[in-house]
Amino acid sequence: MARYDLLAAGKTFTRESLAAREPSLWRYSELLPLRETANRISFGEQLTPVVPMRALGSALGLDRLSLKDEGLLPTGSFKARGAAVGISRARELGVRAFAMPTNGNAGGAWAAYGTRAGIEAYIVMPKGAPAINKVECIVSGAHVWLVDGLISDAGKIVAKAVAEYGIYDASTLKEPYRIEGKKTLGFELIEQFAWSVPDVILYPTGGGVGLIGIYKAIRELQAMGLLEERLPRFVAVQAEGCAPIVRAFDARQTESTFWKDSQTVAFGINVPKALGDFLVLEALYESGGTAIAVDDSSIVAMQRRIGQAEGLFICPEGAATLAAAAELRRREWIARHERVLAINTGTGLKYPDVTLPELELLQPDATIRIETHK
Ligand SMILES: *Cc1c(COP(=O)(O)O)cnc(C)c1O
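Counting from 1, residues in each chain are numbered in the order their sequence is written. Local features in a predicted model are, by the rule used here, given only for residues with pLDDT of at least 70; side-chain atom pairs are given and counted only at 80 or more, and totals for whole chains, interfaces and linings are based on all residues. Think of the side-chain values as coming from all heavy atoms in the structure, minus any hydrogens and water.

## Regarding the domain arrangement of the protein chain
And step 1. For each domain, the first and last residues come from an automatic or database assignment. Here the protein chain is partitioned into domain 1 (6-76 + 178-357) and domain 2 (79-169).
And step 2. A C-alpha centroid distance of 23 Å is found between domain 1 and domain 2.
And step 3. Contact criterion: two residues are considered in contact whenever any of their non-hydrogen atoms come within 4.5 Å of each other. With 36 residues of domain 1 at the contact, the number on the domain 2 side is 33 residues.
And step 4. When domain 1 packs against domain 2, the two sides together hide about 2,900 Å² of surface, and 61% of this comes from carbon and sulfur.
And step 5. It is Ile41, Arg178 and Phe267 that lose the most area in domain 1 upon contact with domain 2, and together they represent 27% of the buried surface on that side.
And step 6. For salt bridges, the criterion is a side-chain nitrogen of Lys or Arg within 4 Å of an Asp or Glu carboxyl oxygen. At the junction of domain 1 and domain 2, the tally comes to three salt bridges.
And step 7. Of the charged contacts in the structure, one is a salt bridge between glutamate 188 and arginine 81, with a shortest N-O distance of 2.8 Å.
And step 8. Polar contact criterion, stated in full: a pair of N or O atoms within 3.5 Å, where within protein one must be able to donate a hydrogen and the other to accept it, and residues adjacent in sequence count only if both atoms are side-chain atoms. Applying the counting criterion to the domain 1 and domain 2 interface returns 15 residue pairs in polar contact (both at pLDDT 80 or more).
And step 9. Residues are grouped as follows: Ala, Val, Leu, Ile, Met, Phe, Trp, Tyr, Cys and Pro are nonpolar; Asp, Glu, Lys and Arg are charged; all remaining types, including Gly, are polar. For the side of domain 1 that touches domain 2, the class distribution of residues is 16 nonpolar, nine polar and 11 charged. Here the buried area means the combined drop in accessible surface, using a 1.4 Å probe, for two parts upon being joined, counting both sides.

This is how it looks when you write it as structure tokens:
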């Protein structure tokens, strides 16, 4: 993993200097791997908002529930953070082409940023990936293959191609820079919580890179003396159809084992065995956190409920974190007064098929009856 001279960085990376910087992930430059500003590949990444969830929070018995909405980033998911920094650094290193396995959003983001950098993309994804992710990659001019299997199968195919052709391997955690981009999610939320940590952070965990990134960000800020020593309790949220981290956590293991025949509507977290599982588990144990699985029907129900309560259309993975928050509140693992932050990793707009119910079809001469409750 990337390491920095924190003492040197601390000379310019201060609370005061940050307050005056550009509102994007590039504001954390001392703690990012890019050497030259000129190598930045950017679509104008914004800081994502922490949205208070008062209506849903009050229904769940959580007085201070909020959601960090990563769906507003370029390409509609937080994968843009990893791609912005990963592709910029790849360009700086002179990379001309990369290959990666993906469940969809990483491919969409890396294809887009790659094209902007003049780097060719070779992408393999499961045939069951959301249609929009296939379209995104194609629109950006990437070479795309589907595999009759899971992301782990896509990973094996990419590994063979990387070995044979010697091109850049952009697989999760095979290169060290993607996580550095995702780490900015952690810096951002710490600034938004006025240089303190929330009590609980819930993260929809597939490869777990976002969770590891937030953890790394907090540790770096603590080492620089910019943040209290306390950690938030991390919650790794998974789907019941694919919960290797939960199974490992429950058995107090330090690594997970492959989850057979994994399946869930929350496609971004359908990762049967994560390369960085030991780092995710370490963050859970160190922080007094936990891991929890929720089923697909509660994910879809929660996605609708958030829309109805808050007007937010979030992705199924993000909805999983709120279904988990509801369950952990019920078990009293989370107390009413605690500051709880759920991470919504993408926009619901990317997954119409998960959400669309049967609607009534009217003839053009039909009339509708309106009974207002107002
Ligand atoms: C990739 C992805 C995740 C999982 O992220 P990791 O950091 O790899 O665990 C969750 N939600 C969405 C929408 C994703 O695209």
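## Re helix α12 (residues 296-310)
And step 1. Between its terminal C-alpha atoms α12 stretches 21 Å, which fits the 21 Å expected from 15 residues at 1.5 Å a residue.
And step 2. Secondary structure follows DSSP: runs of H or I at least 4 residues long count as helices, runs of E at least 2 residues long count as strands, and numbering of each begins at the N terminus. After α12 finishes, the residue glycine 311 shows a positive phi value of roughly 75 degrees. To estimate the expected span of a helix, count its residues, drop one, and scale the result by 1.5 Å.

## Considering the environment of arginine 15
And step 1. Summarising the element assignment, arginine 15 is placed in helix α2 (residues 15-19).
And step 2. Only protein chains enter the accessibility calculation, which uses a 1.4 Å probe. A residue is then buried if its area is under 20% of the maximum for its type, exposed if over 50%, and partly exposed in between. Judged by its relative accessible area of 35%, arginine 15 falls in the partly exposed class.
And step 3. Sequence-wise, arginine 15 and tryptophan 195 are 180 residues apart; in three dimensions their C-alpha atoms are separated by 8.3 Å.
And step 4. Sequence-distant contacts of arginine 15, that is, excluding residues within four places in its chain, are made with Trp195 and Leu226.
And step 5. In terms of polar contacts, arginine 15 uses its side chain to reach the backbone carbonyl oxygen of leucine 226, at 2.9 Å.

## What to know about the packing of helix α9 (residues 209-223) against helix α11 (residues 277-287)
And step 1. Note on geometry: axes are C-alpha line fits, over the in-contact stretch for helices, and angles between N-to-C directions span 0 to 180 degrees. Where α9 contacts α11, the two axes come as close as 9 Å, and the packing angle between them is 55 degrees. Regarding the angle of α9 to α11, the classification is oblique. α9 and α11 meet at a crossing whose hand is left-handed. Across the interface between the two elements, Leu211, Ile212, Tyr215 and Arg219 from α9 touch Leu279, Val280, Glu282, Ala283, Leu284 and Glu286 from α11.
And step 2. Broken down by class, the residue content of the contact of α9 with α11 amounts to seven nonpolar, no polar and three charged. By the definition adopted for this analysis, an angle is roughly parallel if under 35 degrees, roughly antiparallel if over 145, roughly perpendicular if from 65 to 115, and oblique otherwise. Helix crossings fall into two classes, left-handed where the near helix is turned counterclockwise from the far one by less than a right angle and right-handed where it is turned clockwise.

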